[in-house]
Amino acid sequence: MNNEELDIESEELWERWRCEVDKGQGKERVDKYLAEHMTNTSRNRIQTAADAGNVWVNGLPVASNYRVKPGDIIQVLLDHEPHDFTITPENIPLTIVYEDEDLLVINKPAGMVVHPGHGNYEHTLLHALAWHFSHQPSAVSHPIDINDPSIGLVHRIDKDTSGLLLIAKTPEAKANLAKQFFDHTTERTYNALVWGTFKEQSGTIEGALARDNRDRTIYRVWDPEECPQAKEAITHWRVLEQFPYVTLVECRLETGRTHQIRVHMKHIGHPLFADEKYGGCEILKGLRTQKYRQYIENCFALCPRQVLHAKTLGFTHPRTGERMFFDSSWPEDMTALIEKWRHYEPNTLN
């Protein structure tokens, strides 16, 4: 394989990696092929790049299920200048819910970026984990390198989403846990405050997700025939508490796509409260009075992010086989906002 590490500006994209597929190569999915041949990356990250239109074969973008063949020229492109994403330890406090020699569960605060990316090169969760691993008593005899893609994050949540995250400390644990996520045998529920009220008390949203063709920073629901690379996504929801104009819901993920809950709830007409990317920062329901507008502005100030919390996480321990389950409390900003709505009286804002 002729493999070159290039950083060449090409129109609005920068080439990060290029190779020509060997003559003896059998047909194989491009995401699997790249995961085997690129360093310091993962198949999940490659699939994300393909969804964004950044994996090209023979001069054209391809989906992650494209099957490579001998002689194909594969390029991985970036929409920004390349950056060194090597993770160095940073002394950032972590709220560790559980830890053993195989894994740990943390309660991530809103505002913390999980993984380095464009515009977020430092102060991420992985930088905090690098510090945590390097200061464990076993670090000398059993060092853990967070730059090794065979360990670390098993799944992710958005920067401004709070709640539970699972991290693998060994390759065996990560492979096992990743399979559980792939097979949908994990349990994950989120609590979200959304705009509007519901006629039904529960329901299921099914809609394949891919990036919006007009704004690549957000996702939307697509007809699979219109967008073949869109990934199946299923969210089960139920009402926990209903207020005038907004509702507290529980969302249970059957799949785990980027922005899934945020996109699905917008798709059915209930954007997450204060979700700037998906229209939740507008006053979508309620009164037309100045007092009500001020009330909503005060709510936005109290919790200035999408109101979404990864509340529960269940999985089978990769070594012991024990079924494990964790539950986390709402953070202070979300608690204060829910209490504010619980005491809301529409007549006082007329």
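Scroll up to find the structure.
Because the structure is predicted, anything quoted here is derived from the model rather than measured.

Here we look at the side chain of S162
Part 1 of the argument: Locating S162 in the fold gives a position in strand β12 (residues 162-168).
Part 2 of the argument: Engagement of the side chain of S162 in a polar contact is seen with the side chain of H309, the distance being 2.8 Å.
Part 3 of the argument: Filtering out sequence-adjacent residues up to four positions away, S162 remains in contact with K108, P109, A110, I157, R305, L308, H309, A310 and P331.

Description of the side chain of D51
Part 1 of the argument: Structurally, D51 is set in helix α2 (residues 43-51).
Part 2 of the argument: The residues touching D51, leaving out its near neighbours within four places in the chain, are R211, R216, Q229 and K231.

Things to note about the pairing of strand β9 (residues 96-99)
Part 1 of the argument: By the bridge criterion, three bridges tie β9 to strand β10 (residues 103-108) in an arrangement that is antiparallel. Counted as the bridge partner of I96 is I106 from β10.
Part 2 of the argument: Counted between consecutive antiparallel strands, the loop separating β9 from β10 contains three residues.

A few points about the packing of helix α6 (residues 290-302) against helix α7 (residues 332-342)
Part 1 of the argument: At their nearest, the axes of α6 and α7 sit 9 Å apart, and the two run at 160° to each other. Judged by the angle between their axes, α6 and α7 are roughly antiparallel. For the pair formed by α6 and α7, the contact residues are Y292, Y295, I296, N298, C299 and L302 on the first element and D333, A336, L337, K340 and W341 on the second.
Part 2 of the argument: Looking at the contact of α6 with α7 residue by residue, the classes come out as eight nonpolar, one polar and two charged.

Re α6
Part 1 of the argument: Under the 1.5 Å per step criterion, the end-to-end length of α6 is 18 Å for 13 residues, consistent within 8% with the ideal 18 Å.
Part 2 of the argument: Along α6, the positions that sit buried rather than exposed are Y292, Y295, I296, C299 and F300. Around the axis of α6, the buried residues are gathered within 140° of arc, so they sit on the same side. Summarising the geometry of α6, the exposed residues directed more than 90 degrees from the buried face are Q290 and A301.
Part 3 of the argument: On its buried side, α6 packs onto β13 (187-195) and α7.

Quick notes on the pattern of salt bridges
Part 1 of the argument: Within this structure, the stated rule accounts for 19 salt bridges.
Part 2 of the argument: Residue R319 pairs with D102 through a salt bridge whose shortest N-O separation is 2.7 Å. Linking R319 in the loop between β19 (308-316) and β20 (323-327) with D102 in the loop between β9 and β10, this pair joins segments that are 217 residues apart in sequence.
Part 3 of the argument: Each of E28, K32 and E36 takes part in a single network of salt bridges with overlapping partners.

Comments concerning the environment of R319
Part 1 of the argument: The exposure class assigned to R319 is exposed, which follows from its relative accessible area of 51%.
Part 2 of the argument: C-alpha separation for the pair R319 and N107, spaced 212 residues apart in sequence, amounts to 22 Å.

Structural notes on the environment of D212
Part 1 of the argument: Counting through the fold element by element, D212 comes out in the loop between β15 (208-211) and β16 (219-222).
Part 2 of the argument: D212 sits 24 residues away from R188 along the chain, and the two C-alpha atoms are 26 Å apart.
Part 3 of the argument: Setting aside its immediate chain neighbours within four residues, D212 contacts I218, Y219, R220 and W222.
Part 4 of the argument: Polar contacts involving the side chain of D212 include one to the main-chain amide nitrogen of R214, which spans 2.7 Å.
Part 5 of the argument: Separated by 3.2 Å, the side chain of D212 and the backbone nitrogen of D215 make a polar contact.

Topic: the nonpolar core
Part 1 of the argument: Counting 34 residues, the largest nonpolar core has L125, L129, I167, I261 and M265 as the members making the most contacts within it.
Part 2 of the argument: The dominant element in this core, judged by the number of residues it contributes, is helix α3 (residues 125-134), at six residues.
Part 3 of the argument: The residues touching M265, leaving out its near neighbours within four places in the chain, are V194, F198, I205, V249, C251, H270, P271 and L272.
Part 4 of the argument: Within the second largest apolar cluster, 19 residues are counted, among which are F273, Y295, L337 and Y344.

What to know about unusual backbone geometry
Most peptide bonds take the trans configuration, and most residues that are not glycine carry a negative phi.
Part 1 of the argument: Here Y245, not a glycine, exhibits a phi torsion of approximately 80°, which is positive.
Part 2 of the argument: Residue placement: Y245 occurs in the loop between β17 (234-242) and β18 (246-253).
Part 3 of the argument: Despite not being glycine, H259 shows a phi value in the positive range, around 60°.
Part 4 of the argument: Its location among the elements puts H259 in the loop between β18 and α5 (260-267).
Part 5 of the argument: With a relative accessible area of 12%, H259 lands in the buried category.

Rules used in this analysis
Residues numbered from 1 in each chain as written. Predicted model: local features only at pLDDT ≥ 70, side-chain atom pairs only at ≥ 80, totals over all residues. Heavy atoms only, no water. Helix = DSSP H or I, 4+ residues; strand = E, 2+ residues; numbered from the N terminus. Polar contact = N/O pair within 3.5 Å; in protein donor to acceptor, adjacent residues only side chain to side chain. Contact = heavy atoms within 4.5 Å. Pairing = 2+ DSSP bridges. Axes fitted to C-alpha atoms, helices over the stretch in contact; angles between N-to-C directions. Parallel < 35°, antiparallel > 145°, perpendicular 65-115°, else oblique. Nonpolar A, V, L, I, M, F, W, Y, C, P; charged D, E, K, R; others polar. Expected span 1.5 Å × (residues − 1). Buried < 20%, exposed > 50% of the residue type's maximum accessible area, 1.4 Å probe, protein only. Arc of directions from axis to C-beta. Salt bridge = Lys/Arg side-chain N within 4 Å of Asp/Glu carboxyl O. Core = buried A, V, L, I, M, F, W, Y, C linked by side-chain atoms within 4.5 Å.

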